[in-house]
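Each chain, written out:
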Amino acid sequence: MSNDASLPFASVTICTYKRPRWLRETLECLTRQDYPRDRWELIVVDNNSRDDTPAVVESFRDAPQPPRYVFEERQGSSHARNRGVAEARGEIIIFTDDDMLGGPGWLRLLVAPFLLPGNGRIAAVGGEVVPVFPEGLPPWLVNQWRPLRFRADVGPLRPDQLPMTANLAFRAGIFKEVGLFRTDLGRIGNRSLFNEDHEFCRRVLAKGHVMWYTPIGELQHQIPAGRLTFRYTFKQVYDAARSRVVESTGHGGKGVGWALSRLIGHALHLTWCLFLSLLLLLTFQPGRSKRFVTRAARGLGYVVESARAIGRLLRGGQPAT
C-alpha cells in the first residue's frame, strides 16, 4: 500500500431513503475508516426522506469523520447518485448504500487497485458485497442471496461481470466522459426499477475503460426481514426483469426485434415455471414451489415490459425520465 501522502482524495457517498435505523449502523462503521481524515470526505445524500434522517446524520458530528448532509428533493436513486457526483470533491468517487457494514480498512482496500503500477486505465473498482440477515433467512430463500465472488484475487473484471453501486469506486473524470446515471432507471419511491449501475458500467466499458474487483474490499449488505417475504421477492424479481428491458431498449438501444424475441422466449419461460410450481405444490413441496413462482415473476416482467417497449418503439418514443 502506498504511503498516506500519495493516497487520492476520496469522496464516499451514501444515498439514503427512509431508513434511519440502518443508516445509523452504516455510519457507525464508515465514519471510522483507517484513512487520513484530510484525504477523504463522507457525504450522505437524503433522497427526500421526510423522517429522522437529518437527526441521524447530525448525531455523528463528533465522529472521526463527520458526514456532510445533502438533501436531494428529486425522487429516485439515480437523482441521489447524480447529486452525490455533483457534491463530491474527490479524485475518486465511491458509492455505497444505507444498509452496509464494513471494517476500518475498507476504504484503503477499495482504493488500492487504482494505485498499482500501470493501472492508469482503470476507471472503476468494485468491492465484494456479502449479504447478511440480521433477522434470519426463510428456508425457501436459502442460496438465493450470494456474494458476488467474481474472482478470488484482486484483478480485472470480464465485460459480463458488473459490480454494484453498493460498493463501487470511480475515477471522478469518468462522469465527465460518459455522463451520469440514467434517471429512467433506479428506485423511485415505490417504483423499483434497477440496473442504473449496470447500465452506467456498460457505458464505461464501451469507452474502452477497464474495471477491477477486490474481494478483500468487502462490505456486508444487511437484508431485513421485510425484504425476505414472498411478496417482496416476487416484486423484486419482476421489477429487475422490467429494468433490463427498459435499459436495453431505451436511448437508442435494442429494437423491436429484440423486444419481440424476449417477449416470446419469456412467455414460454413463464408458462414452464408456473407448471413446475403447481406440480411442486401438489406434491407438498411449498418452498420449492415458491422458488418457481418467483422465477415465473422474471418471465412475467420480461413479457410485460417487452410488450410496452414494442408499443413505445413503434411509436418512436423513449422511456420517460
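Residues numbered from 1 in each chain as written. Predicted model: local features only at pLDDT ≥ 70, side-chain atom pairs only at ≥ 80, totals over all residues. Heavy atoms only, no water.

Caption draft 1: Seen up close, the packing of helix H8 (residues 256–282) against helix H9 (residues 286–314). Orientation of H8 relative to H9, taken along the N-to-C sense of each, is 160°, at an axis distance of 7 Å. In terms of their interaxial angle, H8 and H9 are classed as roughly antiparallel. Where H8 crosses over H9, the handedness of that crossing is left-handed. (Axes fitted to C-alpha atoms, helices over the stretch in contact; angles between N-to-C directions. Helix = DSSP H or I, 4+ residues; strand = E, 2+ residues; numbered from the N terminus. Parallel < 35°, antiparallel > 145°, perpendicular 65-115°, else oblique. Left-handed = near helix turned anticlockwise from the far one by under 90°.)

Caption draft 2: How the structure looks around the pattern of salt bridges. Applying the stated rule across the entire model yields 28 salt bridges. Of the charged contacts, one joins Arg19 and Asp98 as a salt bridge, the two residues approaching to 2.8 Å between their closest N and O atoms. Within this pair, whereas Arg19 is found in the loop between strand S1 (10–16) and helix H1 (20–30), its partner Asp98 is found in the loop between strand S4 (92–97) and strand S5 (100–101), the two being separated by 79 residues in sequence. Among the residues examined, Arg19 registers a relative accessible area of 24% and is labelled partly exposed. (Salt bridge = Lys/Arg side-chain N within 4 Å of Asp/Glu carboxyl O. Buried < 20%, exposed > 50% of the residue type's maximum accessible area, 1.4 Å probe, protein only.)

Caption draft 3: Fine view of a nonpolar patch on the surface. The grouping of Leu109, Val154 and Ile216 at the surface amounts to a nonpolar patch, some 220 Å² of accessible area in total. With respect to the helices and strands, the residue Leu109 is situated in helix H4 (residues 106–111). With relative accessibility at 31%, the residue Leu109 sits in the partly exposed group. (Patch = residues over 30% accessible without salt bridge, like charges linked within 9 Å, V, L, I, M, F, W, Y side chains within 5 Å. Areas by Shrake-Rupley, 256 points an atom, 1.4 Å probe, with all protein chains shown as cover.)

Caption draft 4: The packing of aromatic side chains, seen in detail. The final tally for this structure, using the stated rule, is 13 aromatic pairs. Summarising the aromatic geometry, the rings of Phe95 and Phe170 are spaced 6.3 Å apart at their centres and angled 70° between planes, so their arrangement reads as edge-to-face. Taken together, the residues span a long stretch of sequence, with Phe95 in strand S4 and Phe170 in strand S8 (residues 167–171) at a distance of 75 residues. In terms of burial, Phe95 and Phe170 fall into one category: buried. Ring centres of Phe175 and Phe200 lie 5.2 Å apart, and the angle between their planes is 25°; this geometry places the pair in the stacked category. With Phe175 in helix H5 (residues 174–178) and Phe200 in helix H6 (residues 196–206), this pair connects stretches of sequence that are 25 residues apart. (Phe/Tyr/Trp six-rings, centres within 6.5 Å; stacked < 30°, edge-to-face > 60°.)

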